[in-house]
Amino acid sequence: MKTDKSDILTCLRNSGDYVSGQQLCDRLGVSRTAVWKVINQLKEEGYRIESVPSRGYRLVESPADVYSESEIASRVHTKWAGKRLVFFESTGSTNPDAKHYAEEGAPHGTTVVADRQTAGRGRRGRSWESPAGRSIYFTIVIRPAFAPDKASMVTLVMALSVAEAIHEVTGLDTGIKWPNDIVVNGKKVVGILTEMSMTPEMNEIQFLVAGVGVNVNQESGEEFPEGLRGTATSLKMESGQQFDRAGLLARILEQFEQDYETFERTVNLSGLRARYESRLVGRNAAVRVLDPAGEYTGISRGITETGELVVERETGETVLVYAGEVSVRGLYGYV
Ligand code: BTN
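Analysis parameters
- Residues numbered from 1 in each chain as written.
- Predicted model: local features only at pLDDT ≥ 70, side-chain atom pairs only at ≥ 80, totals over all residues.
- Heavy atoms only, no water.
- Core = buried A, V, L, I, M, F, W, Y, C linked by side-chain atoms within 4.5 Å.
- Buried < 20%, exposed > 50% of the residue type's maximum accessible area, 1.4 Å probe, protein only.
- Helix = DSSP H or I, 4+ residues; strand = E, 2+ residues; numbered from the N terminus.
- Contact = heavy atoms within 4.5 Å.
- Pairing = 2+ DSSP bridges.
- Axes fitted to C-alpha atoms, helices over the stretch in contact; angles between N-to-C directions.
- Parallel < 35°, antiparallel > 145°, perpendicular 65-115°, else oblique.
- Salt bridge = Lys/Arg side-chain N within 4 Å of Asp/Glu carboxyl O.

Visitor: Would you take a moment to explain the nonpolar core for this structure?
Guide: Generally speaking, a soluble globular protein has its nonpolar side chains buried in company with each other. Within the largest apolar cluster, 65 residues are counted, with the highest numbers of intra-cluster contacts made by Phe138, Ile140 and Val214. Sorting elements by how many residues they give to this core places helix H6 (residues 152–170) first, with 11 residues. Sequence-distant contacts of Phe138, that is, excluding residues within four places in its chain, are made with Thr94, Thr111, Val112, Val113, Met158, Ala210, Gly211, Val212, Leu249, Ile252 and Leu253.

This is how it looks when you write it as structure tokens:
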């Protein structure tokens, strides 16, 4: 949750210039000594802060890839997404953590972030390897007013927001493998796991949690579990550059806030569909639909306003593929 440290860091960062000790005290309602203590803590953490007696404090440089509650909070400029932030150096999984806070009444947009997860979860009961220092793992609490059958679209909204934020920060060409994997050069860099909690009467959504894992600074395929080496990659492996996780996470939260509000106005993807489809991997190409009721092939044509994949079968028939137990693959390889 918000601390004096993140408030002071936010003031310094937003100003970009000197801020007097008195201004910091007034703005945050704390004593001079409290300000001085926090400045010293920040310096110990590696922030370069200049202090000039007549002018005050100025943030000159932040250490590379600092990943802490104060650093993230000082970078998130949103109305609700990530406004309330909980940060763990290590936790089991941010999804159950977020559910726990939501059950205790945490507001819409509350975000749990971890540097490491010891029991990271993937879709379909799989695990999500989550070592420290490399990746982004976060889960956001969403409190929708719409019906449960609309919930699956939130995952597509998140996929679009994350794909665009990554593109903006890294310049990489991010694609979306329907419904919600994000790929770069044919390999997965992001996974999303959305879970829903219903009211006791089971007719309304109590809350959703959307958990996102982004492979950011892994240096090589050897950092991934053996079985994933052919299909997983990181932003660093694809670009050769190291990225600052706090900055990227802040950008994702800002983009998601904007896209979710667009979605919420109509409770469908009409306002986002064109952007989603422009990133859809394998559009107008052959796909194999792995339906438990029987596999088939066809041409992927895009998505509907409610998020189903439109596939034209060889028979000429157009099928709407619903996310869930169905997977879709290109005819060659993972995407
Ligand atoms: C997938 O299987 O593709 C979904 C992976 C989702 C991983 C993220 S990391 C943050 C959040 N916490 C978890 O335990 N899982 C999600």
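Visitor: Mind showing me how you'd approach the sheet that holds strand S5 (residues 136–142) here?
Guide: With mixed pairing, the 7 strands of this open sheet are ordered in space as S3-S4-S5-S9-S8-S7-S6. Either end of the sheet is taken by a strand with one partner, and the two such strands are strand S3 (85–88) and strand S6 (174–177). Sheet twist, expressed as the average angle between the axes of neighbouring strands with direction ignored, equals 20°. Across 4 bridges, S6 lies against strand S7 (residues 181–184) in antiparallel orientation. By the bridge assignment, Thr174 is partnered in S7 with Val184. Packing against the sheet, helix H5 (residues 94–103) makes contact with S3, strand S4 (111–114), S5, strand S8 (187–198) and strand S9 (205–214), and its axis sits at approximately 150° to S9. Its contacts with the sheet place helix H8 (residues 245–266) against S4, S5 and S9, and it is angled at close to 25° to S5.

Visitor: Even after reading the chapter, I still don't get the packing of helix H1 (residues 4–15) against helix H3 (residues 32–44), so can you show me in this structure?
Guide: In a pair of packed helices, the angle between the axes and the distance between the axes together describe the arrangement. The geometry of H1 relative to H3 is characterised by a closest axis approach of 10 Å and an angle of 80° between their N-to-C directions. It follows from the interaxial angle that H1 and H3 lie roughly perpendicular. Of the residues in H3, those touching H1 at Asp4, Lys5, Ile8, Leu9 and Leu12 are Val35, Val38, Ile39, Gln41 and Leu42.

Visitor: What is the right way to read the sheet that holds strand S12 (residues 309–313) from this model?
Guide: One open sheet holds the 5 strands; their spatial order is S13-S12-S11-S10-S14, and the pairing between them is antiparallel. Each having just a single partner strand, strand S13 (318–321) and strand S14 (327–330) make up the two edges of the open sheet. Between one strand axis and the next, the sheet turns by 45° as a mean value, whatever way the strands run. For S12 and S13, the ladder comprises 4 bridges, and the chain directions are antiparallel. Each bridged residue has a counterpart across the sheet, and for Leu309 the counterpart in S13 is Val321.

Visitor: Before we go on, may I ask you to explain the pattern of salt bridges in this structure?
Guide: As a working rule, side chains carrying opposite charge can pair if their charged atoms are close by. Enumeration according to the criterion identifies 22 salt bridges in this entry. Its salt-bridge partner being Arg75, residue Asp244 comes within 2.8 Å of it at the nearest N-O pair. Within this pair, whereas Asp244 is found in the loop between helix H7 (235–239) and H8, its partner Arg75 is found in helix H4 (residues 69–75), the two being separated by 169 residues in sequence. With a relative accessible area of 25%, Asp244 lands in the partly exposed category. Judged by its relative accessible area of 22%, Arg75 is partly exposed. Residue Arg275 pairs with Asp259 through a salt bridge whose shortest N-O separation is 2.9 Å. With Arg275 in helix H9 (residues 273–279) and Asp259 in helix H8, this residue pair connects regions lying 16 residues apart in the sequence. Residue class for Arg275 comes out partly exposed when judged on its relative accessible area of 27%. Residues joined in a network through salt bridges with shared partners are Arg13, Glu71, Arg75 and Asp244.

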